[in-house]
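So the chains spell out like this:
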Amino acid sequence: MLADLFAQALNGLAYGVLLFLLSVGLTLIFGMLDVVNLAHGSYYMLGAYAGLGLIAATGNFWLALALAPLAVGVIGAAVERTCLRPLYRRGPLDQVLLTFGLIYVFEDLVKWIWGGRIRSIPTPDLFSASVNFGGAVIPSYRLFVIVFGLGMAVALWLLIERTRLGAIIRAGVYDSEMSAGMGINVSRVFTFVFAFGAALAGLSGVIAGPIQSAYPPMGASILVPALIVVVVGGLGSLKGSLAGSLIIGQAETFGKAWLPGASMLIIYVVMAFVLLVRPQGLFGRALK
Amino acid sequence: MTAPVLARVVALVVLTAVVALFPLAAGTYPVKLLQEILIWGIFAMSLDLLMGFAGMVSFGHSAFFGIGAYTAALLLPKFPGLLAALVAPAAAAALGALVIGFFSIRVGGVYFIMLTLAFSQMFYAVAFQNSFLGAEDGLVGVPRPTVLGMGIGSIGGFHAYLLVIVLACALFLWRVVRSPFGHVLRGIHENEARMQAVGYPVNRYKLTAFVIAGMLAGVAGSLYTQFVGSISPSAFLWTTSGEALLMVIIGGTGTVFGGILGAGAFILLQSLVSSYTERWMLILGLTFVLLVLFAPGGIVGALRGRVGLRA
Amino acid sequence: MEHLLALEGLTRRFGALSAVNGVSLTVAARERRAIIGPNGAGKTTLFNLITGHLAPSAGGIVFGGMPVAGLAPHVIARRGLSRSFQRNNLFPRLTVRENLRLAAAADGRGSWNLLGSVARLRAPLERARETAKAVGLVERLEAPAGQLSYGEQRQLEVGVALATAPRLLLLDEPTAGMSPEETLRMTRMLERLPREITLLIIEHDMDVVASLADRVTVLHYGEVLIEGSFAEVKSDPRVYEVYLGSA
């Protein structure tokens, strides 16, 4: 029984880590650009398919893991410069509509190239076996995901809190007008943050590939949990992303195991509860 | 009456006559297409009240469409009258809007968009997993109501019924938009902070607009159920809200009838394009992107110039 | 009632910085008070506290004999406290008439009318017209606010605040960015306002202060330096230092 619980908790942790990588970009983009980038889930999907393509071409998962996020980051940068930059002055409606259109564009392009069926992505040979970890039998790949993800969390924290680039990003999230006034090339930072967020989402997609497979609507469907993570964690907060994704990851996993009839509802209940108690999210800035 | 106003009234009368007499001239498929356009038109118009007039971007409008649809689907088999067909769905949707609006409006901004999206997905989750609501398959076998003792099962009968409701909704919205309340909404859209500063309880006005819009969306949902005879959880999908937003911007935000025009353009485009190619989603998405980048005023906006206001 | 507005030890901190620090002052009904001080002295923050846009960190605000600290801005406005802004805060796509009418209609129930007509609400339309006359914009009633000249927009800015028929009117640098002619016009316009409307004005232009103010309060680093008639304040050496020192 305890072993089962532990196994579930590990699954929840793995899912939480994937959500974290996905939501970091989302929360930074929201917090900084005030843009509801609905197409963020699409970068997740593009990452999975880029991974699929690269593995098919090179046979090497690790190469795909390194290159796919870069490719997605480039796409993200291109989108920001061509489509989003003209819209910063125009307010949330236009940005929301445009990014919504992009969801359809990306999803259909992927369907065109790879077809609409689910495509499975092979687990890397190194982690293809299951192991016994603390009494729980779990695919070793999931342990890799957890370790990798937490490692990324630490790396991100170092980047944001301890480097000059991170300070610039934090300043931009806090007050973009001020940052511009202080001589920071805000538009270049915006492009970078966008590309970076997209790349992280793509990374999440590649890593998720062996677990979730690749299918075109996966972008639109992962968006809602990612949004809930951001709402629960608080806009623009890295800590919030981590806390939110770990909570939602566990809630969703245990919900599926214990309350299968209401599993889809669990994360909304969590969100509603957090919002009642703290409308700005766990680590968000107080509203007004 | 001034010339431009007279011209508009004449155009409206002509258009209404064409729509009303359409079943006499055209076959079943085009008539059904027109009826679908009218139903989505109500949905889009109600969304425009929020977007174009109050400046609130809601991605959760499909929640109220779904609530109206499911209420009708549950009640009509047992009580096939107007109460179940229109009143109950409208009331249920209004109640849903009151609750969701209360939570979403007080946080405002980007959070409002995200919360409304999440709430509509929540309803999707409930409908998808609840056997009483038909779970994944939804509810089928929904009869059309009897109106004033008459059945409206025939194409002509349903067409007349639908047309009356659409006109009533459009007229209602038209009056609301021109009323003192509508002027307050426009003030909020123009400069919410100043409206607060001069003494308007802005959130209360926004919530009222949200409830009115939700109520009409519920009517649209109910009509859709009556039109098709069934309903499934996909009515709640947030992407449905997104498509309604597209209809509004195609038709032009801040114009009452733009919603119907936008619904027409969207549905016709979809119908046309999908008969030639499978890449319908790609084209729709590109249309979105290009419209937002290059034609923010939409169809009606282009026809009418900017939206002005008189006291 | 003795004072229309009473601030008691009003304080507002932003992190380690006290933008407003223990400010106590009273304004009598029918008085015209100017608040002056170098940039960064906390004047606008003080206004934001009084109107409810910011919550105080400490201290109290009593308006018309009732405490208002912490109330929502629209509640305070409804009680008869209105404010104009340093940077134009208008409804650009709406006409001058509609700008004023919206402000004038903020207190009535008429605004909850969902099916009626705006033309039937006579009172706000009347008040809009009167306010337009008072601020000299009768000729421009049908023009969209965004198309007015800068000076006209400043007039409308005051007009919108005035149209709510306030007991206390807060004006934040009403002549900011105006030419000498426009400033004179604005000063005359403010002078002509009925005495029933108590004025609290933030100003940098000392000529305007001299013409309008009964009493002057000098703010420095968020604290009240001195208070008195314009002549008293003008001749106090500390005020001179404060302005020079911050140049």
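Break down the overall build of chain C for me, with residues and values.
Within chain C one finds nine helices and 10 strands. Computed over its C-alpha atoms, the radius of gyration of chain C comes to 18 Å, within 12% of the 18 Å expected for a compact globule of 247 residues. In terms of overall dimensions, chain C has a C-alpha envelope of 55 × 40 × 35 Å along the principal axes. Residues counted as buried form 45% of the 247 residues belonging to chain C. Within chain C, residue pairs in contact and separated by at least 24 positions form 65% of the contacts whose partners lie at least 6 positions apart.

How would you explain the domain arrangement of chain C if you had to name every residue and give the values?
Residue and element names in this part refer to chain C. When the domains of chain C are assigned, the result is domain 1 (1-80 + 169-179 + 198-247) and domain 2 (86-165). Placing a centre on the C-alpha atoms of domain 1 and another on those of domain 2 gives a separation of 26 Å. Elements with a minimum of two residues in the side of domain 1 that touches domain 2: α2 (73-78) and β7 (168-172). Broken down by element, the residue count for the side of domain 1 that touches domain 2 peaks at three residues, all from β7. Of the residues assigned to the side of domain 1 that touches domain 2, the class counts are six nonpolar, two polar and three charged.

Any details on the interface of chain C and chain B? Residues and values, ideally.
Facing the 35 residues of chain C at the interface are 22 residues of chain B. Elements represented by at least two residues in the side of chain C that touches chain B include exactly α2, β6 (81-84) and α3 (96-104) of chain C. The element best represented in the side of chain C that touches chain B is α3(C), accounting for five residues. Taken together, the residues of the side of chain C that touches chain B sort by class into 17 nonpolar, 11 polar and seven charged.

Quick rundown of unusual backbone geometry? Include the residues and the values.
The phi torsion of most residues other than glycine is negative, and most of the peptide bonds are trans. All names here are of chain C. Of note, the phi angle at Ala-165 is positive, near 55 degrees, even though the residue is not glycine. Within the element layout of this structure, Ala-165 appears in the loop between α5 (150-162) and β7. For Glu-173, which is not a glycine, the phi torsion comes out positive at approximately 45 degrees. Judged by C-beta crowding, with 20 C-beta atoms within 10 Å, Glu-173 ranks as buried.

Quick rundown of helix α6 (residues 180-191) of chain C? Include the residues and the values.
All names here are of chain C. If you check α6, its first and last C-alpha atoms are 16 Å apart, about what 12 residues at 1.5 Å a residue would give, namely 16 Å. When α6 is considered as a whole, its buried residues turn out to be Met-186, Thr-187 and Leu-190. Down the axis of α6, the buried side of the element spans an arc of 100 degrees, and every buried residue falls inside it. Opposite the packed face of α6, turned more than 90 degrees from it, sit the exposed residues Glu-181, Arg-188 and Glu-191. Looking at the buried side of α6, the elements it contacts are α5 and α7 (206-212).

An account of the confidence of the model for chain C is requested, with residue identities and associated values reported.
When pLDDT is averaged across chain C, the result is 91; 98% of the residues are at 70 or more. Under the prediction, the complex receives an ipTM of 0.91, its pTM being 0.88.

Help me get a handle on the interface of chain B and chain A, residues and values and all.
Listed by partner, the interface residues are 34 residues for chain B and 36 residues for chain A. Taken together, the elements giving at least two residues each to the side of chain B that touches chain A come down to α5 (109-129), α10 (238-251) and α12 (280-294) of chain B. Residue contributions to the side of chain B that touches chain A peak at 13 residues, all from α5(B). Grouping the amino acids of the side of chain B that touches chain A by side-chain chemistry returns 27 nonpolar, five polar and two charged.

Account for the environment of C:Ala6, naming residues and giving values.
All names here are of chain C. Summarising the element assignment, Ala-6 is placed in strand β1 (residues 3-14). Each C-alpha atom of the pair Ala-6 and Arg-32 lies 14 Å from the other, and the pair is 26 residues apart in sequence. Those residues in contact with Ala-6, other than ones at most four positions away along the chain, are Thr-26 and Val-62.

Criteria and cut-off values
- Residues numbered from 1 in each chain as written.
- Chains lettered and ligands numbered in written order.
- Predicted model: local features only at pLDDT ≥ 70, side-chain atom pairs only at ≥ 80, totals over all residues.
- Helix = DSSP H or I, 4+ residues; strand = E, 2+ residues; numbered from the N terminus.
- Rg over C-alpha atoms; globule rule 2.2 N^0.38 Å.
- Buried ≥ 20, exposed ≤ 12 C-beta atoms within 10 Å, placed from the backbone.
- Contact = placed C-beta atoms within 7 Å.
- Domains from an automatic or database assignment.
- Nonpolar A, V, L, I, M, F, W, Y, C, P; charged D, E, K, R; others polar.
- Expected span 1.5 Å × (residues − 1).
- Arc of directions from axis to C-beta.
- pLDDT = per-residue confidence, 0-100.

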